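Commentary on secondary and tertiary structure
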Amino acid sequence: METDMTFEYAPAPESRAIVTIKPKYGHFIGGKFVPGSKHFPTINPATEEVLSQIALAGKADVDAAVKAARKAYTSTWSKMSGKERGKYLYRIARIMQERAREFAVLETLDNGKPIRESRDTDIPLAAAHFFYHAGWADKLEYAGLGTSPKPLGVAGQIIPWNFPLLMLAWKVAPALAAGNTVVLKPAESTPLTALLFAEVCQQAELPAGVVNIVTGDGSTGALIVNHPGIDKIAFTGSTEVGKIIARAVAPTKKSVTLELGGKAANIVFDDAPIDETVEGIVNGIFFNQGHVCCAGSRLLLQESVAEEVLHKLKNRMEKIRVGDPMDKNTDVGAINSKEQLAKIIELSAVGDAEGAERWSPACELPSKGFWFAPTIFTGVTQAHRIAREEIFGPVLSVLTFRTPQEAIEKANNTPFGLSAGIWSEKGSRTLWASQQLRAGVIWANTFNKFDPTSPFGGYKESGWGREGGRHGLAAYLKGVSHE
Amino acid sequence: MSNRIDVKKTYKLFINGAFPRTESGRTYEVKNAKGVFIANPCLASRKDLREAVVAARAAHNGWNKATAYNRGQILYRIAEMLEGRRAQFVEEIVAVTGATKVKAEKEVTESIDRLVWYAGWTDKIASLAGSTNPVAGPFYNFTIPESMGVVAAIAPESPSLLGLVDCIAPIITSGNTVIVLASTKAPLSALTFAEVLATSDLPAGVVNILTGKKDEIALWMASHMDIDALDISGLPSKKHADIKAAGAENLKRIYSYKSADPGRITAFMEAKTVWHPIGV
Amino acid sequence: MSFYGLVDGTEASLKSYLGNLSGVDQVGAEARAAMLATRSIKTTSKRWAIETAITMVDLTTLEGADTPGKVKALCTKAVRPDPTDSSVPSVGAVCVYNDMVEVARTHLDLIGGQHVPVAAVSTAFPSGRASMTVKIQDTKDAIAAGAAEIDMVIDRGAFLAGRYIDVFNEIVAIREVCGEKAHLKVIFETGELVTYDNVRKASFLAMAAGADFIKTSTGKVAPAATPPVVLVMLEAVRDFYEMTQVRIGVKPAGGIRTTKDAIKQLVLVNETVGPDWLNPKLFRIGASALLNDLLMQRMKLDDGYYTSPQYVTMD
């Protein structure tokens, strides 16, 4: 009965030839690339190869960017009709679609995520975000935010490394649609697609200074947050830094939106569609290497089906392909940085120490680069650190519950409130659970689904405000955003 | 001066993504503002209308099920194609209506921008026209706006291009399919516009364009039992009563407009409200 | 009959068995199938997949217009798909109507095709609308004529009307006729069952009743062997193996026309039930046009350039 050869997939590498990475980059200020003074390397986390030297923006650079953004706002962008602003955004969307493959390859090289994800998820969603928001630019009076909503001015935007281009789209598109200009800082470890985006702005003939991109590290971010010439701060990142920002802007008049961490409960009821549920669990925590703020990192299994689900989950995990992100058949890629890998290893060790039972499928991990095998911890309870703290890696904590009420209590028993998952074939239970859960995004019989029309954001310590949809516009318009 | 004889265009109907002649064989003369002959567009027959309705009905399911994003991209593509051919449209409007070049440019520009405006509505109308409703009971209650189906429309006599765009775009934005009767005196822009549609990835049958006599076609449209709604913006007010009476046979929704307005989108949508209990 | 100890043959027991199955979420199942369709199978793995797929083809002709001449030509092609290349393996089986079985078997034996079994469609294929007597006779005739495999259709009318015990009993009866002489494939006609829940139910019903293979379609109704349908059936087979330690085969039929389609099916098998099923004893593909596309793709891999239909035989 045995075959004499298993069906091994030969390497199916995507070609790198489509991207041209410069050996050194500066900043994008006032519509032009300007040289930086200090530089640091950005690497490919799958190979540790240095991809390029990136500029570290200091005070002068940030000042120049804010000045350019202010000038563009005052003299051009705020004077332009929504109709014309929208057309620039449409151009950007269309060019992103045209250069989609280039963006996907670059994203994978810089971030470590599988090329299939960049190609099929990140880049198409990013382009869609621009397309959607382009259509709002001349329809703001219909957004339910007043008959004549006004932009805030200059927005300072700081984005994370887990979905670099997509997070850029989530920030830049609504800001521009609403009439603001921006100074954006991509994450330290993933600046390349943002710098390519600057080229797209040039190709779209976006007026100089409407979008400015400064690269750097935490110090650059602090300069932006504290800059008096900025009217609004938008930040996506850890809750810890989110709190620092909240304190920093407290004495100012700056508006702030924050999109922070999570420890989402993924709740599986006994009447869940089992095979699709297992897919959803895997997708919920191993998609994007678990570097997802809304990851389903706490699996809450109804005790009566726990054994069956775990058995199927483990079998399914055996089939996860971890490896070269540039291979089209890779499911899970590299951990984004040495630092993040260290955190994941540390917290996993905590899980062991706390008495949870660790399990991973056998995984051949490459010798170079940063890698962590998909891992589950069973026997976890609410009192475990690994049930409480965000690991931000491919590590799933598995807990059980007896009744729907208990599931909700456990799910809500966290300072976070970004997302949650519900698996059940009973509609009334799904709706009941979604009503009870204190989370900003709830997925039923699915997970990690994003759309420009669908507002995203958290309750409690998962942040302030929403991105996407009509609700997401509120962050960038006067009178209805937080003051 | 060249002695080259130019190749004049034959203007045909646009039905189901193709360009057939009218099955009746009838045509009429279109002359330019100076009274010089330009073309013999078709006088569409009742059978042509019937074929168009069949095509529109068949196309409705797919167009309606397409994502709003997809419909938006197609509408935007129509704008791209129109922008690329603006010179031809300007020339045609000047030739047929005698308008000045400046006025014609303005009309073509507005038509392109109007398409872009509607392209941006496809994925927003549901957020505005839909709702979740806080009923007094343990029910999740939501209202979704949905396209109606097949809409027939009479485009205004003038402006011949912008009026047509203002007619078609709001109808198809939400997923309806349409059969539109172009301006009688100035039908050529509509038929050239059909060529733009044919190169925009618009599925066959979503838009069908007829030319001919308003009075007879309007009445056939009003009495056709497989048409769900009518836009009679292009019909003079005094004719409305008869059309509404004829349309009552299958309770067509019949509307008329004077300008662009997102209300034109929702007018051709139905509101569906769903109740679902909330409970363990 | 023991039915693997899963049911006792009564309606109540069958209802309970089927009622305990978990449901299938359509969107989730289709998403999983779509993700697996993105697998990029190149070079050596593509060559292996093409070769394997050829051995899995049930080369089929099921037309009212079938004649002995047509069937003989099919058999020749089945044994030696490419007359210019003897390294191309024979297909998995030849599939014909039961009154053509004798012609097929005789001709295959004549041309050195003893290793190619004849599968007969049976039980009033494709509709399944006839009396039990007729269906049993249909099967007996086919086996007597030399069919080593019986592809029966279930009574979809009975299934959709909820008379699962009737569907079950029919399979049991045909299984009994087949005995040790023929393996039994049970065709669901998934296009008529429509929902994935029904496909899952039919799968578990047929396997408990004694099917050796579960098969998607007759090839006369679309949609036929779509990837999500095959996925659901493979998942059922996988679960059944866990319950009983018995491996049941799967045969998608209908709509699989290109090498790309076939490779997608093999990926589904590989990542659902595993490589143990990647052989003709447990996976077959019901097709006719597919074979030539497999041959052309095989040529392309060997020669390095795209070929033309002129270089493969039409039958």
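In every chain, residue numbers begin from 1 and rise along the written sequence. To label them, take the chains in the order written and letter them from A, then take the ligands in the order written and number them from 1. Whole-chain, interface and lining totals are the exception, using all residues; otherwise, since this is a predicted model, local features are given only for residues with pLDDT of at least 70 and side-chain atom pairs are given and counted only at 80 or more.

Topic: the overall build of chain A
Which entries qualify depends on this criterion: Each helix is a run of H or I in the DSSP string that is no shorter than four residues. Each strand is a run of E no shorter than two, and both are numbered from the N terminus. We compute the radius of gyration over the C-alpha atoms and compare it with the globule rule, which gives 2.2 Å times the number of residues raised to the power 0.38. Labels follow a simple rule on C-beta atoms placed from the backbone: if 20 or more others lie within 10 Å of a residue's own, it is buried; if 12 or fewer, it is exposed; otherwise it is partly exposed.
Along chain A, the regular secondary structure elements total 14 helices and 17 strands. Computed over C-alpha atoms, the radius of gyration of chain A comes to 22 Å, within 12% of the 23 Å expected from 2.2 N^0.38 for 483 residues, which places it in the range of a compact globule. Once the C-alpha set of chain A is aligned to its principal axes, its extents read approximately 70 × 50 × 35 Å. Out of the 483 residues belonging to chain A, those deemed buried represent 59%.

A few points about the overall build of chain B
Operational definition: C-beta atoms are first placed from the backbone for all residues, and any pair lying within 7 Å is then listed as a contact.
Broken down by element type, chain B carries 10 helices and 10 strands. In terms of overall size, chain B behaves like a compact globule, its C-alpha atoms giving a radius of gyration of 20 Å where 280 residues would be expected to give roughly 19 Å. Projected onto its principal axes, the C-alpha coordinates of chain B cover approximately 85 × 40 × 30 Å. Look at the contacts in chain B between residues 6 or more apart in sequence, and 75% of them connect residues 24 or more apart.

Brief notes about the packing of helix H9 (residues 274–286) of chain A against helix H10 (residues 303–317) of chain A
Residue and element names in this part refer to chain A. For clarity, the cut-off: For helices, the fitted line uses only the C-alpha atoms of the stretch in contact; every axis is such a line through C-alpha atoms, and the angle between N-to-C directions lies from 0 to 180 degrees. By the definition adopted for this analysis, an angle is roughly parallel if under 35 degrees, roughly antiparallel if over 145, roughly perpendicular if from 65 to 115, and oblique otherwise. Crossing handedness is defined as follows: a turn of the near helix away from the far one that is anticlockwise and smaller than a right angle gives a left-handed crossing, while the clockwise case is right-handed. The classification used treats Ala, Val, Leu, Ile, Met, Phe, Trp, Tyr, Cys and Pro as nonpolar, Asp, Glu, Lys and Arg as charged, and all other residues, Gly among them, as polar.
The geometry of H9 relative to H10 is characterised by a closest axis approach of 10 Å and an angle of 60° between their N-to-C directions. Looking at the two axes, H9 sits oblique to H10. Handedness of the H9/H10 crossing: right-handed. Along the contact surface, H9 presents Ile274, Thr277, Val278, Ile281 and Val282, while H10 presents Glu308, Val309, Lys312, Leu313, Arg316 and Met317. Here the contact of H9 with H10 is built from residues that sort into seven nonpolar, one polar and three charged.

Examining the interface of chain A and chain C
Each side of the interface is counted separately: chain A has 23 residues, and chain C has 27 residues. Sort the elements by how many residues they give to the side of chain A that touches chain C and H9(A) lands first, with five residues. Of the residues contributing to the side of chain A that touches chain C, the split by class is eight nonpolar, six polar and nine charged.

A word on the interface of chain A and chain B
Contact with chain A, which involves 23 residues of that partner, is made by 21 residues of chain B. A total of six residues in the side of chain A that touches chain B trace back to one element, the largest contributor, which is helix H13 (residues 427–436) of chain A. Split by residue class, the side of chain A that touches chain B holds 10 nonpolar, seven polar and six charged.

What to know about the pairing of strand E1 (residues 57–60) of chain C
Side-chain direction in a regular strand flips from residue to residue, so the side chains alternate between the two faces of the sheet. All names here are of chain C. Heads up, the condition is: DSSP bridges decide pairing: two strands pair if at least two such bridges lie between them. Handedness of a crossover is defined as follows: with both strands directed away from the viewer, a clockwise route from the first strand across the helix to the second makes it right-handed.
The alternating pattern of E1 places Val57 and Leu59 on one face and Asp58 and Thr60 on the opposite face, and all of these are buried. Of the pairings in the sheet, the one linking E1 to strand E8 (residues 285–287) comprises three bridges and is parallel in character. Of the residues in E8, the one forming a bridge with Val57 is Ile285. Note: E1 against strand E2 (residues 93–97), three bridges, orientation parallel. By the bridge assignment, Leu59 is partnered in E2 with Val94. For the crossover from E1 across helix H4 (residues 68–79) to E2, the handedness is right-handed.

Description of the sheet that holds E2(C)
All names here are of chain C. One open sheet holds the eight strands; their spatial order is E7-E6-E5-E4-E3-E2-E1-E8, and the pairing between them is parallel. On the outer flanks of this sheet lie strand E7 (249–251) and E8, each paired with one strand and no other. On average, each strand axis in the sheet is inclined to that of its neighbour by 25°, with strand direction left out of account. The sheet contact formed by strand E5 (residues 183–187) and strand E6 (residues 213–215) spans three bridges and is parallel. Considered in E6, the bridge of Lys185 is made with Phe213. Along the sheet, helix H5 (residues 101–110) contacts E2 and strand E3 (118–122); its crossing angle with E3, the most-contacted strand, is approximately 175°.

Some details on the sheet that holds strand E11 (residues 298–302) of chain A
Residues and elements named next belong to chain A. The mixed open sheet is built from seven strands, whose spatial order is E12-E13-E14-E11-E10-E15-E16. Looking at which strands have only one partner, the edges of the open sheet turn out to be strand E12 (357–359) and strand E16 (441–444). Mean inter-strand twist for the sheet, computed between neighbouring axes without regard to direction, equals 20°. Bridge count for strand E15 (residues 419–423) against E16 is four bridges, and the pairing is parallel. Paired with Ser419 across the bridge in E16 is Val441.

Some thoughts on the packing of helix H3 (residues 100–111) of chain A against helix H6 (residues 192–203) of chain A
Residue and element names in this part refer to chain A. Axis separation between H3 and H6 bottoms out at 9 Å; the angle between their running directions is 155°. The orientation of H3 with respect to H6, classified from their angle, is roughly antiparallel. Of the residues in H6, those touching H3 at Phe103, Leu106, Glu107 and Asp110 are Leu192, Thr193 and Leu196.

Comments concerning the nonpolar core
Using the following cut-off: Any nonpolar core is a set of buried residues, restricted to Ala, Val, Leu, Ile, Met, Phe, Trp, Tyr and Cys, that join up through C-beta atoms within 7 Å. Start and end points for every domain follow an automatic or database-based domain assignment.
Within the largest apolar cluster, 242 residues are counted, with the highest numbers of intra-cluster contacts made by A:Leu89, A:Ile267, B:Leu115 and B:Val180. It is helix H5 (residues 164–177) of chain A that provides the largest number of residues to this core, a total of 11 residues. Lining this core are residues from two domains, each supplying at least three of them: domain 1 (27–260 + 460–476) and domain 2 (265–444) of chain A. Not counting chain neighbours up to four residues away, the residues in contact with B:Val180 comprise B:Ala153, B:Ala155, B:Leu164, B:Cys167, B:Ile168 and B:Ile209. Counting 102 residues, the second-largest nonpolar core is a separate cluster that includes C:Ala49, C:Cys75, C:Phe159 and C:Leu295.

What to know about the domain arrangement of chain A
Residues and elements named next belong to chain A. Its domain assignment divides chain A into domain 1 (27–260 + 460–476) and domain 2 (265–444). In this structure, domain 1 and domain 2 have C-alpha centres spaced 30 Å apart. For the side of domain 1 that touches domain 2, the elements supplying multiple residues, two or more each, are H3 and helix H4 (115–134). The element that contributes the greatest number of residues to the side of domain 1 that touches domain 2 is H4, accounting for three residues. Classifying every residue of the side of domain 1 that touches domain 2 gives six nonpolar, seven polar and seven charged.

Let's talk about the confidence of the model for chain B
Defined as follows: The predictor rates its confidence in each residue with pLDDT, a number between 0 and 100.
Residues of chain B with pLDDT of at least 70 account for 100%, and the chain-wide mean is 96. ipTM for the predicted complex: 0.94, alongside a pTM of 0.95.

Focus on unusual backbone geometry
Of note, the bond from C:Phe125 into C:Pro126 is cis; its omega dihedral lies within 30 degrees of zero at -5°. In this fold, C:Pro126 is placed in the loop between E3 and helix H6 (132–144). The peptide bond linking C:Ala222 to C:Pro223 adopts the cis configuration, its omega dihedral lying at 0°. Backbone geometry places A:Asn445, a non-glycine residue, at a positive phi of 55°. Residue placement: A:Asn445 occurs in the loop between E16 and strand E17 (463–464). Not every positive phi belongs to a glycine, and B:Asn16 is a case in point at roughly 55°. Inspection of the secondary structure puts B:Asn16 in the segment before strand E1 (30–31).

Observations concerning helix H2 (residues 26–36) of chain C
This is how it is decided: Starting at the helix axis, one direction is taken to each C-beta atom, and the arc is that of these directions.
Buried within H2(C) are the following residues: C:Gly28, C:Ala29, C:Arg32 and C:Ala33. Summarising the axial view, the buried residues of H2(C) lie within an arc of 130°, below the 170-degree limit, and thus occupy one face. On the buried face of H2(C), the contacting elements are H9 of chain A together with helix H10 (196–209), helix H11 (227–244) and helix H12 (259–272) of chain C.

Some thoughts on the environment of A:Phe286
Residues and elements named next belong to chain A. Mapped onto the secondary structure, Phe286 falls in helix H9. Counting along the chain gives 21 residues from Phe286 to Ala265, while the straight-line C-alpha distance between them is 15 Å. Aside from chain neighbours lying at most four places away, what touches Phe286 is Ile320, Val332, Pro374 and Pro394.

Concerning the pairing of strand E14 (residues 395–401) of chain A
In terms of burial, E14(A) is largely enclosed, as seven of its seven residues are buried. A two-sided burial pattern is seen for E14(A), the buried positions comprising A:Val395, A:Ser397, A:Leu399 and A:Phe401 on one face and A:Leu396, A:Val398 and A:Thr400 on the other.

Regarding the environment of A:Ile115
Residues and elements named next belong to chain A. Here Ile115 lies in helix H4. C-beta crowding within 10 Å serves as the criterion here: with 25 such atoms nearby, Ile115 is assigned to the buried category. Linking Ile115 and Lys150, residues 35 residues apart in sequence, is a C-alpha distance of 40 Å.

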